[in-house]
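# Geometric and topological summary
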Protein chains: 2
Amino acid sequence: MTAATPRRRGRPSRTDSADAPAARDRILDAAREEFSERGYDKTSVRGIAKAAGVDSALVHHYFGTKEQVFEAAVEVAFSPVLVVREEVVEGPLDGVGERMTRAIFGLWENPATRVPLLAIVRSAVNNEAAAAVFRRLVSSQLLYRIARKLDLPDPELRAELAAAQLVGTAMLRYVIKVEPLASADPEQIIARLAPVVQAHLTQP
Amino acid sequence: MTAATPRRRGRPSRTDSADAPAARDRILDAAREEFSERGYDKTSVRGIAKAAGVDSALVHHYFGTKEQVFEAAVEVAFSPVLVVREEVVEGPLDGVGERMTRAIFGLWENPATRVPLLAIVRSAVNNEAAAAVFRRLVSSQLLYRIARKLDLPDPELRAELAAAQLVGTAMLRYVIKVEPLASADPEQIIARLAPVVQAHLTQP
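Reading guide: rules and limits
Residues numbered from 1 in each chain as written. Chains lettered and ligands numbered in written order. Predicted model: local features only at pLDDT ≥ 70, side-chain atom pairs only at ≥ 80, totals over all residues. Heavy atoms only, no water. Least-squares fit on C-alpha atoms with pLDDT ≥ 70 in both. Contact = heavy atoms within 4.5 Å. Buried area = accessible area lost by both parts, 1.4 Å probe. Salt bridge = Lys/Arg side-chain N within 4 Å of Asp/Glu carboxyl O. Polar contact = N/O pair within 3.5 Å; in protein donor to acceptor, adjacent residues only side chain to side chain. Helix = DSSP H or I, 4+ residues; strand = E, 2+ residues; numbered from the N terminus. Nonpolar A, V, L, I, M, F, W, Y, C, P; charged D, E, K, R; others polar. Phe/Tyr/Trp six-rings, centres within 6.5 Å; stacked < 30°, edge-to-face > 60°. Buried < 20%, exposed > 50% of the residue type's maximum accessible area, 1.4 Å probe, protein only. Lys NZ or Arg CZ within 6 Å of the ring centre and 35° of its normal. Expected span 1.5 Å × (residues − 1). Bend = angle between axes of the 7 residues up to and from the residue.

## Some points on the relation of the copies chain B and chain A
It takes a turn of 180° to lay chain B on chain A, together with a shift of 0.0 Å along the axis; the resulting RMSD is 0.1 Å. Here the two chains are linked by the operation of a two-fold rotation axis. The position closest to the rotation axis in chain B is occupied by the C-alpha of G168 of chain B, lying 1.8 Å away. A shared interface surface links the copies, since 100% of the contact residues of chain B are contact residues in chain A too.

## Thoughts on the interface of chain B and chain A
Contact with chain B, which involves 43 residues of that partner, is made by 43 residues of chain A. Buried area between chain B and chain A, both sides added, is near 3500 Å², and the carbon and sulfur share of it is 66%. In this structure, the connection of chain B to chain A is made through four salt bridges. Put simply, R192 of chain B and D154 of chain A hold a salt bridge, and the shortest N to O gap is 3.6 Å. Joining chain B to chain A, the criterion identifies 14 residue pairs in polar contact (both at pLDDT 80 or more). Of all the secondary structure elements, the ones that give two or more residues to the side of chain B that touches chain A are α6 (111-124), α7 (128-139), α9 (155-175) and α10 (186-202) of chain B. The greatest single-element share of the side of chain B that touches chain A, amounting to 14 residues, is contributed by α9 of chain B. Among the residues making up the side of chain B that touches chain A, the classes are represented as 24 nonpolar, seven polar and twelve charged.

## So, the packing of aromatic side chains
Aromatic rings considered in pairs are described by the distance between their centres and by the relative angle of their planes. Residue and element names in this part refer to chain A. Throughout the structure, instances matching the rule amount to ten aromatic pairs over all chains. Residues F35 and F70 carry aromatic rings whose centres are separated by 4.9 Å and whose planes lie at 85° to one another, so their mutual orientation is edge-to-face. A residue pair is termed long-range when its members are at least 10 positions apart, and F35 in helix α1 (residues 20-38) and F70 in helix α4 (residues 66-90) qualify at 35 residues. Take F35 and F70: they sit in the same class, and that class is buried. An aromatic cluster is present here, built from F35, Y40 and F70 joined pairwise through their rings. Positioned over the ring face of Y40 is K66, at 4.5 Å from the centre of the ring.

## What to know about helix α10 (residues 186-202) of chain A
Residues and elements named next belong to chain A. With 17 residues, α10 should reach 24 Å at 1.5 Å per residue; the first-to-last C-alpha distance of 23 Å fits that figure. Along its length, α10 shows its largest kink, about 30°, at L193, and proline P195 lies within four residues downstream of that point. Taken residue by residue, α10 has I189, I190, L193, A194, V196, V197, Q198, H200, L201 and T202 as its buried positions. By the N-cap criterion, in which a side-chain oxygen at the helix start approaches the backbone nitrogen of a residue two or three places on, α10 is capped by D185, the distance to E187 being 3.0 Å.

Listed below in structure tokens is the structure:
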């Protein structure tokens, strides 16, 4: 966990361009933490700036409005989905439920992607801008593509009910923390959810 | 929708005991609306009082703290669950998934119970007191009782994963409003979810 190059401590000068990528990353990290802990409405650009140790103006300079900071901060939750896309979609159909469930739990179990996912869920229930990001996350997902590969009725509805099983499990496990689900072994959960996702997507 | 006895308009006198049940009900209605639209954190006793047309002191007099107002306001979401309890649990096991799914969708499709349910979901993601109410709602539910009737491993985990399918569907349909799920016929959704709930609870 040691940095390859030593970083200067304290608030960076706004004109110091060598610090710019570091400041930008610190702002994104701070934004993810703030949004995931407080939700969209209670997070302020000023609070993000303070947590990142920079001036509010620098946050606006890099990202624009609060909504744009939010989108940039949660974007990291999307990119791993895009990476796994081909292997999840293109493999044999009879293992697609397990591959999909495993990919989603991989995102939730990894702190780097769990934090922005929490930010989306915590924010989306109370804020329309964040809800729009959530809808995009659901519909940009692989689930539609998988469901459409089959010649079955209602592929979008099937994809959304499969997503609902995964979203609801994440909600009860990571947000509401219902026991024993919150402490259960991920493999045990995956074993129970994979057939459900499979059935939603592929059962006539 | 006409009241049996005419109600006086405007702010009631705090000493007028004949108005007390009406004021109490107005406060509960206002509290449900406020909590369901804004979530717990952004709702204030003052805002509830204003919406109900009463003084904040009267809200405190009847219910105590904001947390106690919240519990009283959402309690109406629990009572229908208790009413259907016996018929859902005691019927034949091979129809329990459908009876359970139908009972839960009945609550969400009925505005009188949907509003407090929305209040719980919107509040629970950002507030620990509301999350505790949500956990109680999940665990006081019939699902545990049903799962425990069978001699299968992990009854609580099974019950929670069944609840996750229902909670996630409600989240995407009523809160995030993902289409086509948000506009789909409830019967179509029930037909797809009943076998999933059934399998979580009863499949070895």
